[in-house]
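# Structural characterization, general
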Amino acid sequence: MLPVSVAGGGQAVVAEPSALPPIDPPGVWHALTQDDATTESKCIGNPVTPLCAVETVIACFVRGSDELCRIGKGLDRPPGLFRGRPGIGVWERYRVAVAKRINPKKQPFLNEEPTKAGDVSLGIQSLFCQKVCETPDGPPTTYLIRPMDGRWVVLTWETPRW
């Protein structure tokens, strides 16, 4: 395990590249809300695993937080995506539908991003929620996550059209 400094000056441990999250059974959904107290993930902002990196990026959009986007994508500075506050009462439910290590010989690109040995691909099925959640349908979004500088970063993601 590799130590890494995290936002807030703390220290975390990065999981081995072979560590993959378990696939969630059908009907099992996790909540990601406007704040950490009501969010199931306890690693948002601390991308110590591929799933933590993806949860950080999802939280960046749910919470309208450039800093979470910066952390989850491994950027040097915030991307400047958000000017206002996030929507009130907006949250997301998600589940891990696919988790695999990338073989660059079989999958040399994901969403036009070159893949490398050690990369991980997670298929995350999401439900946007405001008062109620939308009905689950459609394929999962595929995220490409790479270990980089002692942490995991989301390089790109792709939501297939259906």
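See the structure above.
Treat the numbers as computed from the prediction; the structure is a model and nothing was measured. The residue count restarts for each chain, going from 1 along the sequence in the order it is written. pLDDT decides what is reported in this predicted model: residues at 70 or higher carry local features, side-chain atom pairs at 80 or more are listed and counted, and totals for whole chains, interfaces and linings draw on all residues regardless. Note that the side-chain values use all heavy atoms of the structure and ignore hydrogens as well as water.

Now for the nonpolar core. Nonpolar cores are built from buried Ala, Val, Leu, Ile, Met, Phe, Trp, Tyr and Cys residues. Side-chain atoms within 4.5 Å join them into one set. Burial here depends on accessible area, computed with a 1.4 Å probe over protein chains only, as a share of the maximum for the residue type. Under 20% is buried, over 50% is exposed, and the range in between is partly exposed. Counting 21 residues, the largest nonpolar core has Val 54, Ile 124 and Ile 145 as the members making the most contacts within it. Any two residues having at least one pair of non-hydrogen atoms within 4.5 Å are treated as being in contact. Every residue in contact with Ile 145, bar those within four places of it in the chain, is listed here: Pro 50, Ala 53, Val 54, Asp 119, Val 120, Leu 122, Trp 152, Val 153 and Val 154. Formed by 5 residues, the second largest nonpolar core is a distinct cluster that contains Leu 110, Leu 144, Val 153 and Leu 155.

For the rest of this paragraph, the subject is the packing of aromatic side chains. Only centres within 6.5 Å qualify two rings of Phe, Tyr or Trp (six-membered ring in Trp) as a pair; their planes then separate them into stacked at under 30 degrees, edge-to-face at over 60, and tilted for everything else. Applying the stated criterion across every chain yields a total of 2 aromatic pairs. A centroid spacing of 6.0 Å and a plane angle of 75° characterise the contact between Phe 61 and Trp 157, whose relative ring orientation is edge-to-face. Taken together, the residues Phe 61 in helix H1 (residues 50–63) and Trp 157 in strand E10 (residues 151–158) connect sequence positions 96 residues apart. For Trp 157, a relative accessible area of 28% corresponds to the partly exposed category. Ring plane angle 40° and centroid distance 5.9 Å describe the contact between Tyr 143 and Trp 157, whose orientation is recorded as tilted. You can see Tyr 143 sitting in strand E9 (residues 141–148) and its partner Trp 157 sitting in strand E10, a full 14 residues away along the chain. Joined through ring pairs, the aromatic side chains of Phe 61, Tyr 143 and Trp 157 make up one cluster. Strands here mean DSSP runs of E at least two residues long; helices mean DSSP runs of H or I at least four residues long; both are numbered from the N terminus.

Salt bridge, as used here, is a side-chain nitrogen of Lys or Arg placed within 4 Å of a carboxyl oxygen of Asp or Glu. Tallied over the full model, the rule gives 3 salt bridges. Note that Arg 63 and Asp 36 form a salt bridge whose closest N and O atoms lie 2.9 Å from each other. Of this pair, Arg 63 sits in helix H1 while Asp 36 sits in the loop between strand E3 (30–32) and H1, and the two are 27 residues apart along the sequence. Linking Arg 70 and Glu 67 is a salt bridge whose minimum nitrogen-to-oxygen distance equals 2.7 Å. You can see Arg 70 and its partner Glu 67 sitting in helix H2 (residues 66–73), 3 residues apart, about one turn around the helix.

Turning next to the environment of Ala 31. When you line up the elements, Ala 31 lands in strand E3. Aside from chain neighbours lying at most four places away, what touches Ala 31 is Thr 38, Thr 39, Glu 40, Glu 92, Arg 93 and Tyr 94.

It is worth spelling out the environment of Ser 126 at this point. Along the chain, Ser 126 falls in strand E7 (residues 120–130). Separated by 95 residues in the primary sequence, Ser 126 and Ala 31 place their C-alpha atoms 9.9 Å from one another. Dropping the residues within four chain positions of it, Ser 126 is found in contact with Trp 29, Glu 92, Arg 93, Tyr 94 and Glu 134.

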